Amino acid sequence: MAGEVVATAFIPAPAASSLAGSAMASPPVLETSAWQAPAVQTSSMARSSMAIAATVGAGVSVAVGAGARRRRQAKRGKAGKNGRVLVAAVDTDIEAQAAEGKVQNEEVEIPALAAEDDLVSLWDVVQRNGMAGVPDSFDGIRHEEETAQDRVFSWLGKGPKPESECFQSLQKFFPGALPGSAVHLRSRAVLEKEFGFTPANTLLGTSFCPDEINNRSNNVATLMRRYWGKVFPMGGISGTPFVGETGFVAFSSHVPDDGNIIVVFGPHVGISEEGEVGQYLREGQTGNSTACGAVIGAYNACLSGFDGAPSDDGEYDMQMDEIKQEFVPHAEAISKSENPMAAAAYVAYEMVKDRTLKIVNTKFGSGKLVLIGGIQLNLPYPDYNDHFLPLMFEVRQEGQPTQDLMKHFVNPSIQQDLTRAPWAAVTAQREVFAWLTWSPPALSPVYRTMHTYFPGALPGQAVHERLVKVLERFGFDTDNTILGTSVCPDEINNEATDLPVLMQDYWGEVFPMGGISGAPFTGKTGFKAFSSHVAEEGHIMVVFGPHVAISETGEVGMCLRKGQDNESTACGAVIGAYRACLNGDVGDGEEGSYDMQMDWIKRQIAPHVNGIQRSENPMAALAHQSYTMVRDQIFGCVNNDFGSGYLCLVGGIQINLPYPMEDHFLPCTFEMRRAGEPTVDLLREMKEFN
């Protein structure tokens, strides 16, 4: 109905303040499930209708649609107070009812406010970051909280520390932002599982500013390109898809038969170490510079009197002319906001989204068009990963209704403030890793078995990223460090997300010392040869350990290999040696046979067979005994005679999980050795939060 506003609200899992004196029950909701994330959709501030869903605080979402008169004003660019594009404010009585659980699963019609002075913009909502009637924990203090998600990302080196100024600005002005890898993993998981996307049937298009800081290895666009394949870049300065309708027609004509298209888009903005939005310290420079330079330049030009007329450069600066023209109606309102650079980023997003929606279509075939839009956030490099604030995640298909997938970018169970809900830290790592698709779901047999018999196991990617972060403190880098590995050569230990492979990809060339079982059969001679290759005053890192599989039903020691119908043992050598010992073959060797490594493994396992056999889970006990076997052999082979650098030893048990789950690693040794100095035990750095 014209002149009315329809509001829906979402409140996720309650924080501690809302739980006082009550049982932990599902929170009150309007319109959607308590355990689903809000759909976050924003309108084009000067061109689109006034329908808006603004994320507020820790996952609270309010969707507000203005009546016909408001929409006409928006299309004409009319503004209310301070020249802002307007959205009718939500009635606080309804908000209070929602917070008290009195309004459940229904649309509530709220009369539009008569006075334009009572209307607010999207930026007002973002700045407010909290609402009347909502529990205190949601009342504009997200940037003062540390959630399980925040702690894990900081622990991995992906996000800033919660007490830092960078974190404060990130969460205050861009609540809901995620590391680029999280956005990639979450979108990839849902598109593959629910919609059948594969690299073979999918084309990727991007629309980001060509600024070189948007092309780092941890940016969402780069990560998506690496996985999905070749990319069609549509963006010019600011991220606007200046290739236009012609460019999209050309791009979409390349899609495979019955294939799909993904378009990820948005502007970018820097956040400095000091938390200053719009500033970025580039490599090789001593002072910060603006990011995005084009957007901030256009905004500054408007403040200086630019009236929308084309510049003298005409066709030689068409992109900048359009950006400046977009900012003319908004410059004054932006200048009066709490943080003009953050406000400018939201205006830029609306511009990029508006142009993207103008050029895309679903007429390329029977496949699906996926739109992932948001704001790219360039954080201090190399300390943190760049983040991305998701504001749109939709699936479109010719003749079918649009599907909103924004809920997949929020997990309420990892959003509790740890200062008020300290118990949430206990399983924070596991919850976040499962949400990132690195770990199995908490209710699966694989999860239960792994954390029962291998407590403390982490995804290979988590171990790798944590190692890099810790080793930086000791001066390790890719130029002064050489890598050695001692793991079983079984091909299931050489998949892309396995720890040894990730480390080789990062550190460079590798010296493999291990034979079957993971024991370092190259011996002292092999380590002497390896260590002689170290750089002057450089360091050596050795990763070692046996491996064991867990089947889909949770059986330790069994795995289903690709292309096979039946499960087989892993580690086959260790389990084979154990079974041989049970039958009396303790590794004396048959005359004329040549099985040196297997005979040695039998001799190491034989003294422990009876104890292993009596254990609750013999295969798990065998894996732990195998680790001791490999570790003792490593310690007997390595030394610090190669120079003044560190020898870093990382030992554990490689855990092979069912495909497509990622393999894990149970850290059991993490220590630093240097000639003439005591050993530094760092294992605590790889355990639960400290």
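Remember, predicted model here, so these are calculated numbers, not experimental data.

Novice: Explain helix H8 (residues 220–228) to me, please; I cannot follow it from the model alone.
Specialist: Helical geometry note: an α-helix holds 3.6 residues per turn, so side chains three or four residues apart project in the same direction. Inspection of H8 places Val220, Ala221, Thr222, Leu223, Met224 and Trp228 among the buried residues, and these make up the whole buried set. Those residues of H8 hidden inside the fold are in contact with helix H7 (180–195), strand S6 (202–207), strand S8 (260–265), strand S12 (368–378) and strand S13 (387–397).

Novice: How should I be thinking about the confidence of the model for the protein chain in this particular structure?
Specialist: In low-pLDDT regions, the fine details of the predicted coordinates are not to be read closely. Here the protein chain averages 82 in pLDDT, and 79% of its residues register 70 or above. pLDDT under 50 marks residues 1–122. Its contacts with residues more than four places away, or in other chains, come to 260 contacts. Counting interchain partners and residues more than four positions distant, the pLDDT-below-50 stretch residues 127–139 has 44 contacts.

Novice: Explain a negative patch on the surface to me, please; I cannot follow it from the model alone.
Specialist: Negative charge collects at one region of the surface, where Glu165, Glu273, Glu274, Glu276, Asp383 and Glu472 lie side by side. Residue position: Glu276 is located in the loop between strand S9 (268–270) and strand S10 (279–280).

Novice: Explain the pattern of salt bridges to me, please; I cannot follow it from the model alone.
Specialist: A side chain with one charge may pair with a side chain of the opposite charge, provided their charged atoms come close. This model, assessed by the stated rule, comprises 23 salt bridges. Through salt bridges with shared partners, a single network forms among Glu322, Glu326, Asp354 and Arg355.

Novice: Help me out: how do you make sense of the packing of H7 against H8 in this one?
Specialist: The geometry of a pair of packed helices is captured by two quantities: the angle between their axes and the separation between those axes. Between H7 and H8, whose axes approach to 8 Å, the crossing angle comes to 40°. Regarding the angle of H7 to H8, the classification is oblique. The handedness of the crossing between H7 and H8 comes out as right-handed. Taken together, the residues of H8 that come into contact with H7 (itself represented by Gly180, Ser181, Val183, His184, Ser187, Arg188 and Glu192) are Val220, Leu223, Met224, Tyr227 and Trp228. Of the residues contributing to the contact of H7 with H8, the split by class is six nonpolar, four polar and two charged.

Novice: Whenever I open this one, unusual backbone geometry confuses me. Can you help?
Specialist: Leaving glycine out, the prevailing phi sign among residues is negative, and the prevailing peptide bond configuration is trans. The amide bond that connects Ala291 to the next residue, Cys292, takes the cis arrangement and shows omega of 10°. Within the element layout of this structure, Cys292 appears in the loop between strand S11 (289–290) and helix H10 (293–303). For the bond running from Tyr381 to Pro382, omega is 5°, close enough to zero to count as cis. Following the sequence through the fold, Pro382 ends up in the loop between S12 and S13. Notably, Ser238 is not glycine yet its phi reads approximately 85°, a positive angle. Considering the arrangement of structural elements, one finds Ser238 in the loop between strand S7 (231–233) and helix H9 (244–252).

Novice: Honestly, the environment of Gly554 in this entry has me stumped. Any pointers?
Specialist: With respect to the secondary-structure elements, Gly554 resides in the loop between strand S19 (547–549) and strand S20 (558–559). For Gly554, a relative accessible area of 13% gives the class buried. Along the sequence, Gly554 and Val446 sit 108 residues apart, while their C-alpha atoms lie 4.6 Å from each other. Gly554 has contacts with Pro445 and Thr449, leaving out every residue within four places of it along the chain.

Scoring rules and cut-offs
- Residues numbered from 1 in each chain as written.
- Predicted model: local features only at pLDDT ≥ 70, side-chain atom pairs only at ≥ 80, totals over all residues.
- Heavy atoms only, no water.
- Buried < 20%, exposed > 50% of the residue type's maximum accessible area, 1.4 Å probe, protein only.
- Helix = DSSP H or I, 4+ residues; strand = E, 2+ residues; numbered from the N terminus.
- Contact = heavy atoms within 4.5 Å.
- pLDDT = per-residue confidence, 0-100.
- Patch = residues over 30% accessible without salt bridge, like charges linked within 9 Å, V, L, I, M, F, W, Y side chains within 5 Å.
- Areas by Shrake-Rupley, 256 points an atom, 1.4 Å probe, with all protein chains shown as cover.
- Salt bridge = Lys/Arg side-chain N within 4 Å of Asp/Glu carboxyl O.
- Lys, Arg positive; Asp, Glu negative; His and termini not counted.
- Charge placed at Lys NZ, Arg CZ, Asp CG, Glu CD.
- Axes fitted to C-alpha atoms, helices over the stretch in contact; angles between N-to-C directions.
- Parallel < 35°, antiparallel > 145°, perpendicular 65-115°, else oblique.
- Left-handed = near helix turned anticlockwise from the far one by under 90°.
- Nonpolar A, V, L, I, M, F, W, Y, C, P; charged D, E, K, R; others polar.

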